[in-house]
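Structure assessment
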Amino acid sequence: MIILTTFFQSIGRFFRRPLTQFIVVTFTVITPVKAEENSNELIMPSQLKGAPMTSRDHALSLLTDTIFHQQLLALAQQLPASVVEEQSVFSKVALLSLLGKHKQLLSLINKHPNGINYSHYQLYSQALQLLKDKQSDLGSAISQQFSHRLDKADDEALVNLSLALGWSIDNAQDYAYNIFKGLKNEETLSINQAINLITNAHLYRVLTEVIPRVNPMLVTEQNKRFDIQPEVLITTSEGIELTATIVMPKHREMTLPTAMQFTIYADEKSHIKTAMHAAAHGYIGLIANSRGKRLSSNTITPFEHDGQDATAVINWISKQPWSNGEVVMYGGSYNGFTQWATAKHMPKALKAIAPYAAASLITGLPYENNIMLTANYEWAFHVTNNKTVDHSVYANWQKRNALVKELYESGKSISSIDKLDGKNNPWFQKWLKHPSFDTYYQAMVPVKQEYQRIDIPVLTITGYFDGGQISALDYLTRHYQHNPNADHTLLIGPYNHHTAQNKVRTHHSNYKLDAVALEKDTEEIVFQWFDYLLKNTAKPTLLKNKVNYQVMGSNQWLHKASLAEMNKNAQSFYFQTNANEQGHYLLSNKMDSKLNFIKQTVDMADRTTEHNVSPWPIMSESFNVDNGVVLMTEPFEQPMELSGQIHGTLSLAVNKKDVDIGYTLFAIDNTGKSMHLQTYISRASYAHNMSRRELLTPNEKKNIPIVNARMTAMLLKKGSRLAIVLNVNKNRNAQVNMGSGKDVGSETIADAGKPLVLTWFNDSEINLPLKVWQP
């Protein structure tokens, strides 16, 4: 599960896939099973044990097998009630459904703030309860229950139902197939394995009963209320063909503003729902696709032309009879990138943008701070294999995990990954040739004075656990750097890449969010904000200032005038060079008067270990790290607020010409329990300038700034500590920098040479955004 989770955290970081394609994966990796219970052994279902699993049809045979269903029920009945009770809502509703505890399930969904997301289980349980009292078949009972819901639903409720029930049965089958393949040779199951098996197999059963019955009813009702144009071909003045999906309120009496997304993820059904949501809020909803997608006869080209193409679409919109001449853009991940790409051109009709978890090629994916990540290797196949999206690319995560494992352990260059995979990946190879923030990337997004021209309101939304956070904040930082009067607002909380863009779930990994953190519903806030700007309505309550953030553990939202204001309260820390018996070094506010150092040796050719790996789950009963230089504060004598970004300078010397450095940050409470807050990576040769590589002089002391560190916010109780683990970034999640000074994309294990010796000097200054908590 660790590798699986890490992978799907990564692939979801920037390049957003429609909810119907990604939701099964996203929910199944957050089950908060306690570590001590995870070792319990449960009886393996005999139908699965040793079953042939060479095709997805084998999975289908098992999923529809009555005996297998009975064995899953028996497996669920072995779970203690306490284990069921502490699961995430996704797992809990599945378990309650299988166990036949329908009243408890319905009560849970009715009380949950985002209970609509579990409408499939709700309808299934309601239908089964109805069957107890009336002579009817299950399908008819489901249809009857759903008909009642549609009669009561307004336009907004209809859209939310459409989104909540947008599950893909095929994707659910594929996910179950991969689970079956991974478990079929097991003799027994841990609690975690059992819950993963039960919840996803039962999910498929529920979906096959519900989705085919409700979808036709949804389509009929949608067509009654909205004017839906699924395929509109727009031809630009340059002859580029772009496909758009347009949804309008059916009985509008005036021209309306247009709420637009521009995306490479061509999916007509998803587009209709997204545009319909805009129409339900009183906008013309329009989703346009990148060139080459759907009806377009042009070549599919990710990123490079989206800004100019989206600008052409906006100019086209402003001339349509249904348009009032005002266009706003919104959307997340790749669709956040396209907004910044459009803002580079600032079309006259563009009045505001709301990018969430916005992508950037050099600060996020495929690169993070100039380090190429393996997580994005398959993405180009996903969006360029056909005119829509190729769902099969991400279906077999086990194959992908094996590929990156082989690449890492073999020590081959990252440029050889497609040869290992057996298929050419020209886009990945193209990006490998651009490791700097060079003119290739600068042609796509705003740079320098272009930010001065972006004088429209901007709303950035991201999360502490969002892989896209550093790119989202990079846009914000550059916007204010070059345009001090920018109207740019930030909303951030304990969200990952998925929940930053959508409704919130109760847990991230095994961390349970504060109740107030669940108040964020991204699209609802965005449309309220658009209404505030264009229709003079009330401002969203969470947007009280330019920076709005939820402090984990406090159950409070706080509001500041700027990121700079948050970070100015940082305390400077320096490490002492006398380790305690656990091998930890003290982080102190006082610098040692003598220049001392800590040496760290890492054999870059040794692929039996990995360094700077993000732990999963994020919360643990104790603080344990396998390697790295552990720096730990004294216990805090009073409650402290950690809010902002770490910054400062790492003073180091290395016996190579380059090194990829990193750290992991942990909060440790007064009982010794730890929580992983963030991971940082950066290439030393680019830390001073992301556009130009400056190699190190071996063994020469150098000050390396901490750049693009992630933001977090947490209440640290009295007696808590912070721990930073300084390290070399060497793991399967990214290319490995051997330090030879060559192009890192072409380096192999043969370039490793002698072990890397890194000297960390104690005049390194680490500024932690800490202040005394003032509730």
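This text follows the structure it describes.
Small disclaimer: the values here were computed from a predicted structure and weren't measured.

Structural notes on helix α14 (residues 306-317)
Its 12 residues give α14 an end-to-end C-alpha distance of 16 Å, which sits within 8% of 16 Å, the value for a rise of 1.5 Å per residue. Among the residues of α14, Asp306, Gly307, Asp309, Ala310, Thr311, Val313, Ile314 and Ile317 are the ones counted as buried.

Topic: the sheet that holds strand β27 (residues 711-716)
The 3 strands lie next to each other as β27-β22-β31, forming an open sheet whose pairing is antiparallel. Every other strand in the sheet has two partners, leaving β27 and β31 (770-772) as the edge strands with one partner each. Across the sheet, the axes of successive neighbouring strands diverge by a mean angle of 15°, strand direction being ignored. With 3 bridges connecting them, strand β22 (residues 640-645) and β31 associate as antiparallel partners. Counted as the bridge partner of Met640 is Val772 from β31.

Some details on the sheet that holds strand β4 (residues 241-249)
Sheets are built from strands paired through backbone hydrogen bonds, the pairs being either parallel or antiparallel. Ordered by their spatial adjacency, 10 strands build an open sheet running β3-β4-β6-β5-β7-β8-β11-β12-β15-β16, and the pairing between neighbours is mixed. Looking at strand neighbours, the two that pair on one side only are β3 (226-235) and β16 (556-560), the edges of this open sheet. Put simply, the sheet's adjacent strands are angled 20° from each other on average, direction ignored. Packing of helix α13 (residues 268-280) onto the sheet brings it into contact with β3, β4, β5 (256-263), β6 (284-289) and β7 (323-332), and relative to β4 it is tilted by some 45°.

Description of the pairing of strand β23 (residues 647-654)
In terms of burial, β23 is a largely internal element, 6 of the 8 residues being buried. Judged from the 3 bridges that link them, β23 and strand β30 (residues 765-768) form a sheet pairing that is antiparallel. Bridge assignment links Thr649 to a residue of β30, and that residue is Glu765. Taken together, the 4 bridges between β23 and strand β26 (residues 702-705) define a ladder with antiparallel strand orientation. Considered in β26, the bridge of Leu650 is made with Ile704. Sheet topology places β23 next to strand β29 (residues 756-761); 3 bridges connect them, and they run antiparallel. Paired with Val654 across the strands is Leu758, a residue of β29.

Let's talk about the nonpolar core
Formed by 92 residues in total, the largest nonpolar core has its most connected members in Phe530 and Tyr549. In this structure, Phe530 is in contact with Tyr283, Val328, Met329, Tyr330, Ala352, Ala354 and Lys535, ignoring residues within four places of it in sequence. Grouped together as the second largest cluster of nonpolar side chains are 73 residues, Leu48, Ala59, Tyr177 and Ala279 included.

Let's talk about the packing of aromatic side chains
Evaluation of the coordinates by the stated rule reveals 27 aromatic pairs. With centroids separated by 5.8 Å and ring planes inclined at 55°, the aromatic side chains of Tyr334 and Phe337 adopt a geometry described as tilted. Residue Tyr334 and its partner Phe337 are both found in helix α15 (residues 334-343); the two are separated by 3 residues, about one turn of the helix. Of the two residues, Tyr334 and Phe337, neither departs from the other in class, the shared state being buried. Look at Trp340 and Tyr475: their rings are 5.0 Å apart centre to centre, the planes differ by 10°, and that puts the pair in the stacked class. Linking Trp340 in helix α15 with Tyr475 in helix α21 (residues 469-482), this pair joins segments that are 135 residues apart in sequence.

Considerations on unusual backbone geometry
Residues apart from glycine generally show negative phi values, whereas peptide bonds are mostly found in trans. Look at the link from Leu365 to Pro366: it is a cis peptide, with omega at 5°. As for its placement among the helices and strands, Pro366 is situated in the loop between β8 (350-356) and β9 (367-368). Across the junction of Trp616 and Pro617, the peptide omega takes the value 0°, indicating a cis bond. Tracing the chain through its elements places Pro617 in the loop between β19 (597-602) and β20 (619-620). The phi dihedral of Asn699 is positive, around 65°, even though this residue is not glycine. Judged by its relative accessible area of 60%, Asn699 is exposed.

A word on the pattern of salt bridges
For the structure on display, the rule yields 25 salt bridges. Arg56 is paired through a salt bridge with Asp170; the nearest N and O atoms lie 4.0 Å apart. Placement of Arg56 in helix α3 (residues 56-63) and of Asp170 in helix α11 (residues 169-183) is noted, with a sequence separation of 114 residues between them. Given a relative accessible area of 48%, Asp170 falls into the partly exposed group. A salt bridge links Glu268 to Arg294, with the shortest nitrogen-to-oxygen separation between them at 3.1 Å. Residue Glu268 is located in helix α13, and its partner Arg294 is located in the loop between β6 and α14; the two are separated by 26 residues in the primary sequence. Look at Glu268 and you get partly exposed, because its relative accessible area is 31%. Using a relative accessible area of 12% as the deciding quantity, one classes Arg294 as buried. Through salt bridges that share partners, Asp155, Glu221, Lys224 and Arg225 make up one connected network.

Rules used throughout
- Residues numbered from 1 in each chain as written.
- Predicted model: local features only at pLDDT ≥ 70, side-chain atom pairs only at ≥ 80, totals over all residues.
- Heavy atoms only, no water.
- Helix = DSSP H or I, 4+ residues; strand = E, 2+ residues; numbered from the N terminus.
- Expected span 1.5 Å × (residues − 1).
- Buried < 20%, exposed > 50% of the residue type's maximum accessible area, 1.4 Å probe, protein only.
- Pairing = 2+ DSSP bridges.
- Axes fitted to C-alpha atoms, helices over the stretch in contact; angles between N-to-C directions.
- Contact = heavy atoms within 4.5 Å.
- Core = buried A, V, L, I, M, F, W, Y, C linked by side-chain atoms within 4.5 Å.
- Phe/Tyr/Trp six-rings, centres within 6.5 Å; stacked < 30°, edge-to-face > 60°.
- Salt bridge = Lys/Arg side-chain N within 4 Å of Asp/Glu carboxyl O.

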